[in-house]
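# Examining the three-dimensional arrangement
The residues making up each chain are set out below.
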Amino acid sequence: MLICPLDYRYGREVMKEVLSEDNRLRTQLKVEAALALAHAKVGNIPKKDAERIAKTCTTGKVTLSRSRR
């Protein structure tokens, strides 16, 4: 029988948190914030808009429950 490391029955709490949906969303939002700031730095989007995107991504306004509505 194969044991998948992603199977929550066998994982430690630390790994369950790392692989959780909440952490996945937080990580994606960090990437989006960094990407927006990078686009602003090279002039693809206005700096003001990039800062607003980054702020929204990092303030906790976006949550799993809100994103599934």
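Note that the structure is predicted; figures quoted are calculated from it, not measured.

What follows concerns helix α2 (residues 21–41). An α-helix turns once per 3.6 residues; consequently, residues spaced three or four apart project the same way. The first and last C-alpha atoms of α2 sit 30 Å apart over 21 residues, in line with the 30 Å expected at 1.5 Å per residue. The set of residues buried in α2 consists of Asn23, Leu25, Leu29, Ala33, Ala36 and Ala40. Seen along its axis, α2 keeps its buried residues to an arc of 165 degrees; they face one direction. Turned more than 90 degrees away from the buried face of α2, the exposed residues are Lys30 and Lys41. Along its buried surface, α2 packs onto α1 (13–18), α3 (47–58) and α4 (64–67). Where α2 terminates, the next one or two residues include Gly43, which has phi positive at roughly 90 degrees.

Another point: a positive patch on the surface. On the surface, a cluster of positive charge is contributed by Lys48, Arg52, Lys55, Lys61 and Arg66. The dominant element in the positive patch, judged by the number of residues it contributes, is α3, at three residues. Examined against the element boundaries, Lys61 turns out to sit in the loop between α3 and α4.

Rules used in this analysis
- Residues numbered from 1 in each chain as written.
- Predicted model: local features only at pLDDT ≥ 70, side-chain atom pairs only at ≥ 80, totals over all residues.
- Heavy atoms only, no water.
- Helix = DSSP H or I, 4+ residues; strand = E, 2+ residues; numbered from the N terminus.
- Expected span 1.5 Å × (residues − 1).
- Buried < 20%, exposed > 50% of the residue type's maximum accessible area, 1.4 Å probe, protein only.
- Arc of directions from axis to C-beta.
- Contact = heavy atoms within 4.5 Å.
- Patch = residues over 30% accessible without salt bridge, like charges linked within 9 Å, V, L, I, M, F, W, Y side chains within 5 Å.
- Areas by Shrake-Rupley, 256 points an atom, 1.4 Å probe, with all protein chains shown as cover.
- Salt bridge = Lys/Arg side-chain N within 4 Å of Asp/Glu carboxyl O.
- Lys, Arg positive; Asp, Glu negative; His and termini not counted.
- Charge placed at Lys NZ, Arg CZ, Asp CG, Glu CD.

Geometric descriptors of this kind do not, in isolation, establish any biological role.
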